[in-house]
Amino acid sequence: MDTLHAPQDPLLAGLNPEQLTAVTWPAKSALVLAGAGSGKTRVLTTRIAWLLQTGQVAPSGLLAVTFTNKAAREMQTRLASLVPVNVRTMWIGTFHGLCNRFLRTHWRDAGLPQTFQILDSADQQSAIKRLLKALEVSDEKFPPKAVQSFINGQKEAGVRADALSAHDPYTKKLIELYAAYDAQCRREGVADFAELLLRSYEVLAANRALAEHYRARFRHILVDEFQDTNRLQYAWLKLLAGTNNALFAVGDDDQSIYAFRGAEVGNMRALMHDYSVAAPIRLEQNYRSAGNILNAANAVIEQNDGRLGKNLWTDAGEGEELRLYEAYSDGEEAEFIVDEVRALKREGLSLADIAILYRSNAQSRILEHVLVQAGLPYRIYGGLRFFERQEIKHALAYLRLMVNPDDDNALLRVVNVPARGIGARTVEGLLAASREQGVTLWQAACGTGPGNKKLGAFVLLIDKLRERADGLTLAEAISLAIDESGLRAMYEEDKKDGEERLANLDELINAAAGFFPDDPGNALVEFLTAAALEAGEHQAEAGQEALQLMTVHAAKGLEFDAVFVSGLEEGLFPHENSLADNKGLQEERRLMYVAMTRARQRLYLSCAQQRMLHGRSSYPIRSRFVDEVPAELVKVLSARAKPAPQNQRAPWLDAAPSRGDREAASRRSADASGWRIGQSVEHAKFGLGVVINAEGAGDDIRLQINFAEHGVKWLDLRYAKLTPA
DNA sequence: CCGATCTTTATTTTT
DNA sequence: TAAAGATCGG
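Residues numbered from 1 in each chain as written. Chains lettered and ligands numbered in written order. Predicted model: local features only at pLDDT ≥ 70, side-chain atom pairs only at ≥ 80, totals over all residues. Heavy atoms only, no water.

Asks: Sorry, what's going on with the sheet that holds strand E1 (residues 30–34) here?
Replies: Paired through their backbone hydrogen bonds, the strands of a sheet run either parallel or antiparallel. Judged by pairing direction, the sheet is parallel, and its 6 strands sit side by side in the order E3-E2-E6-E7-E1-E8 without closing on themselves. Here the strands that pair on one side only, and so sit at the sheet edges, are strand E3 (91–94) and strand E8 (281–283). Recorded for the sheet is a direction-independent mean angle of 15° between the axes of neighbouring strands. The pairing of strand E6 (residues 220–223) with strand E7 (residues 246–251) spans 4 bridges and is classified as parallel. For Leu-222, the partnering residue across the bridge sits in E7 and is Phe-248. (Pairing = 2+ DSSP bridges. Helix = DSSP H or I, 4+ residues; strand = E, 2+ residues; numbered from the N terminus. Axes fitted to C-alpha atoms, helices over the stretch in contact; angles between N-to-C directions.)

Asks: Would you take a moment to explain the packing of aromatic side chains for this structure?
Replies: To describe a pair of aromatic rings, you give the distance between the ring centres and the angle between the ring planes. Inspection of every chain in the model, using the stated rule, returns 16 aromatic pairs. Ring geometry for Tyr-325 and Phe-336: centres 3.9 Å apart, planes at 10°, overall stacked. In this pair, Tyr-325 is assigned in strand E9 (residues 322–327) and Phe-336 in helix H15 (residues 330–346), connecting sequence segments 11 residues apart. An aromatic cluster is defined as three or more aromatic residues linked by ring pairs; in this entry it consists of Trp-91, Phe-102, Tyr-214 and Phe-218. In this arrangement the basic side chain of Arg-101 is found over the ring face of Trp-91, its NZ or CZ atom lying 4.7 Å from the centre. A cation over an aromatic ring shows up here: Arg-104 above the ring of Phe-116, its NZ or CZ 3.7 Å from the ring centre. (Phe/Tyr/Trp six-rings, centres within 6.5 Å; stacked < 30°, edge-to-face > 60°. Lys NZ or Arg CZ within 6 Å of the ring centre and 35° of its normal.)

Asks: In this structure, what is going on with the environment of Asn-582? I would like to understand it.
Replies: Mapped onto the elements, Asn-582 comes out in helix H27 (residues 582–596). According to the relative accessible area criterion, Asn-582 is partly exposed, its value standing at 46%. Sequence separation between Asn-582 and Arg-413 is 169 residues; the distance between their C-alpha atoms is 43 Å. A polar contact of 2.5 Å, which involves the side chain of Asn-582, links it to the side chain of Gln-586. (Buried < 20%, exposed > 50% of the residue type's maximum accessible area, 1.4 Å probe, protein only. Polar contact = N/O pair within 3.5 Å; in protein donor to acceptor, adjacent residues only side chain to side chain.)

Asks: Hey, could you run me through the UniProt feature "binding site: ATP" (unreviewed entry) in chain A in this one?
Replies: Residues annotated in UniProt with the feature "binding site: ATP" (unreviewed entry) correspond here to Ala-34, Gly-35, Ala-36, Gly-37, Ser-38, Gly-39, Lys-40 and Thr-41. Counting through the fold element by element, Ala-34 comes out in strand E1. Once residues lying within four places of it in the same chain are set aside, the contact partners of Ala-34 are Lys-40, Val-250, Gly-251, Asp-252, Gln-255 and Leu-283. For Thr-41, the position within the fold is in helix H3 (residues 40–53). For Thr-41, the residues in contact, after removing those within four places along its chain, are Glu-74 and Arg-78. (UniProt positions renumbered as here; feature names shortened; annotations may be inferred. Contact = heavy atoms within 4.5 Å.)

Asks: Sorry if this is basic, but what is going on with the pattern of salt bridges here?
Replies: Note on pairing: side chains with opposite charge can pair once their charged atoms come close. This structure, assessed with the given rule, holds 48 salt bridges. Among the salt bridges present, the one from Asp-518 reaches Arg-88, with a minimum N-O distance of 3.1 Å. With Asp-518 in the loop between helix H24 (498–513) and helix H25 (523–533) and Arg-88 in the loop between helix H4 (69–82) and E3, this pair connects stretches of sequence that are 430 residues apart. Note on accessibility: Asp-518 and Arg-88 belong to one class, exposed. Where Arg-488 meets Asp-483, a salt bridge forms, and the shortest distance between an N and an O atom there is 2.7 Å. Judged by its relative accessible area of 38%, Asp-483 is partly exposed. (Salt bridge = Lys/Arg side-chain N within 4 Å of Asp/Glu carboxyl O.)

Shown next, in the form of structure tokens:
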């Protein structure tokens, strides 16, 4: 044993002492507090390899869970390069992927059809909309989104509708809808994302023998990004770990940025308590960023409380100072960034190693605008993914109907696509019939028999597709569905974007040709499942020489030589919607921490004094996070003399002007234009009123006016015709 | 059933 | 601003 532990073992060579401790941790539970860039993935995969190599566990005795398919794939690839195992047979995957695998095996215990299909968020929402209609519930009082988040929230807490109760009628209704939604899913043979987890959990919880079987099997359970787990995921892990197995969790509480979708950082402390983990193993040596960047990030995150505590360090030297640029406007900020990118490129950096980060997607617009003008290639992460495109969804809907015609979502999606004369009234009738008879739309459609020729033809089409697909390869079957359904013809007619859609459909056929199912007899079901669970990367392949643009969230886990963190303004970053309580602010600060720790060599922070927001100019103040960075780590770049400096802002080292000052400044500029608060005015349309507020500067000024007859309105002086009264 | 027009609203997002 | 949703008219 000892020789295997020794660092001369090539597997363990090059690990630092803490990494070595984590990798060779005995067969008991542990919490690894892995800072950004501390070699987290390496530790995880090396530990698995070490466990296998030392014969402590067989490949089948190990369960490794991640959040994203990308992370799971990376783990598999790296593991395969370390030890000769067939990673495909191992239980390495996402929570959802593994639960799906479990449910496909134990579908009877789970009370699911063997070919159950998975609803993605959009599918789930349309299922809920349909339900609200069927139950004649006003979607104004109960917005589908709100119902959806209630249902998912409850499922993620492990709670079924029948376990809920409420006194207020609103919650009562929500619970009712939750129950009805689950009944609808059962009827149609579908499961949403949260259902995969909850159902797996329930099957294990209810079936002692089964749980014992898996507990006896998975002696080692390893979890990546543990700070992102929700309550149900942790409960599921606990169920599998029991009291004997080793739960080895890796995470970083400072990088917990998904509380808004149910992540519970508290699971980290809970794990330490539940599994008597005395102290986390801290990986604090950072192999990514220069010292100044780490010190700056440390200083920012230190402002949070309740941390498990961690201080990143590096032996790579201080590196450059951070750079701060305060622009006059969002446009000028973008120009500054583009100029710097050009300079970095001249210095020999690859565009692919430079990232521009922002808090919200809308900010990419102006950056794109300037980048296009500059002729710099860029790539934006986010947006529509392959399997979310409408033409792909349509094609998949036909395939889903072939597998399971009771999938009402799928039927409604394509029953009249392409148009085949089954309009709203026919569908209404079908919905009514299914409601009355308590059957699915398909069953109702079959029931009408020859009563409705058009519906009959649709039923026939699906039946025919199913029959003819038998014996075909996956790609052939999909091709058949696209042709015979009329989808191809429909997009051939479509002049606008038919060409692109056809190309995507061909891409779908290609994907099918390259898809290798575990059970070839079940290829279509497996393909549909994969399409739902792996909706496609956010086009994450690096490769081509292009500047990387993305939200801070999307940047988690990535690294770049140079990083621009843009839009560092109060209200934007931290976002105003998160300022209500300290929890929200602290999550924003973690987001800032994530953003900063993406940079290897150079980190730019930038903000603007004027920004277009929702179609108006806003005049935000610099983000508090900028001021949390120690001044000595920052080089302040002076604004290029471009627009006439209005009120020259205080130098960065001075105290930031308060909101009050800024408002005063705005008012002054309103005064300068000849209007003042309290003044009576007349408007051609709204009549008499009084100026009650003002904002803006220069020739971009808005006045808030209380009109005698039309109430309070904001008017833009550029357009509104006002006369003193 | 489609397109034009209006109204409303405005983080972050994986599975 | 600008995108999505609702509404209306043909």
